[in-house]
Amino acid sequence: MPDIRPTVGSGALVLNASYEPLCVVSVRRAAILVLSAKAVCVADGEGVLHSARHALPVPSVVRLTRFVRVPYRSHVGLSRRAIFARDGWRCAYCRGPAETIDHVFPRSRGGGHAWENVVAACAKCNHTKGDKTPAELGWRLHSAPAAPKGTAWRVLGHRAPDPRWAGWLDLPETEAA
Ligand SMILES: [Zn+2]
């Protein structure tokens, strides 16, 4: 295995042989795929990787040379960071900067910990809301909470996309800009 020390770049997008986005791996892992002819580089990142025998442009997007069949997780994992990312780091009630997670229908009253019942919220709204429902306070949600969907979410999760990957992922325009 070559001794490759990445100098820049945090990850590389891996495409299936069919150009379908699969996952994000470390730049080092992507370089090893290319050097072992398991993948070809589709888009370079910035900088060069050096090993004893090779100098290779940092891969930003690689495509597998053989098609792999991948079983997809149908659900995006529910995590704090994923909830913040889905909600754009904004409070679902006042649209201010979010710093907490709120259960729309309170957990103390049987509300579930599920994508459909969690939103990002600022500390003030969360504290004011307490054990009440939005309806009881006369508050309205800007949109119904739901599990995130789409290729970008499946591949990236809460990871910030590299602009070089935009051509392969159905990124929302605001994120691709
Ligand atoms: Zn708020």
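Quick caveat, the model's predicted, so the values are computed rather than measured.

> Provide a residue-level description of the packing of aromatic side chains, including the pertinent values.
Remark: the centre distance and the inter-plane angle together describe each pair of aromatic rings, the angle taken between the planes. Inspection of the entire model under this criterion finds three aromatic pairs. For the pair phenylalanine 84 and tryptophan 89, a centre-to-centre distance of 5.1 Å together with 10 degrees between the ring planes defines the contact as stacked. Residue classification places tryptophan 89 among the partly exposed residues on the basis of a relative accessible area of 45%. The ring of phenylalanine 105 carries arginine 109 above its face, with NZ or CZ at 5.6 Å from the centroid.

> Explain the coordination of the zinc ion to me, and be specific about the residues and the numbers.
Protein-derived coordination of the zinc ion comes from Cys91 (SG), Cys94 (SG), Cys122 (SG) and Cys125 (SG), at a distance range of 2.3 to 2.4 Å. Each of the four donor atoms around the zinc ion contributes to a set of angles spanning 100 to 116 degrees, which defines the coordination as tetrahedral. Sequence positions of the donors to the zinc ion reduce to the motif C-x2-C-x27-C-x2-C. Taken as a pair, cysteine 91 in the loop between α2 (80-86) and β5 (100-103) and cysteine 122 in the loop between β6 (118-121) and α3 (123-129) lie far apart in primary sequence, 31 residues in all. Cysteine 122 carries the same exposure label as cysteine 91, and that label is buried.

> Quick one: what's the story with the pairing of β5, residue by residue and with numbers?
Both faces of β5 are covered, namely the face carrying Thr100 and Asp102 and the face carrying Ile101 and His103. Here four bridges tie β5 to β6, and the two strands are oriented antiparallel to one another. Note on β6: the bridge partner recorded for histidine 103 is valine 118.

> Help me get a handle on the sheet that holds strand β3 (residues 39-50), residues and values and all.
With respect to topology, four strands assemble into an open sheet ordered β2-β1-β4-β3, the strand pairing being mixed. Strands with a single pairing partner mark the edges of an open sheet, and in this sheet they are β2 (21-25) and β3. Ignoring which end each strand starts from, the neighbouring axes of this sheet average 35 degrees apart. The sheet contact formed by strand β1 (residues 12-15) and β2 spans four bridges and is antiparallel. By the bridge assignment, leucine 13 is partnered in β2 with valine 24. Those strands touched by helix α1 (residues 27-35) are β1, β2, β3 and β4 (55-64), and its axis lies near 85 degrees from that of β4.

Criteria and cut-off values
- Residues numbered from 1 in each chain as written.
- Predicted model: local features only at pLDDT ≥ 70, side-chain atom pairs only at ≥ 80, totals over all residues.
- Heavy atoms only, no water.
- Phe/Tyr/Trp six-rings, centres within 6.5 Å; stacked < 30°, edge-to-face > 60°.
- Buried < 20%, exposed > 50% of the residue type's maximum accessible area, 1.4 Å probe, protein only.
- Lys NZ or Arg CZ within 6 Å of the ring centre and 35° of its normal.
- Donors = N, O, S within 2.8 Å, 3.2 Å for Na, K, Ca; no water.
- Tetrahedral: all angles 85-135°; square planar, octahedral: opposite > 155°, others 65-115°.
- Helix = DSSP H or I, 4+ residues; strand = E, 2+ residues; numbered from the N terminus.
- Pairing = 2+ DSSP bridges.
- Axes fitted to C-alpha atoms, helices over the stretch in contact; angles between N-to-C directions.
- Contact = heavy atoms within 4.5 Å.

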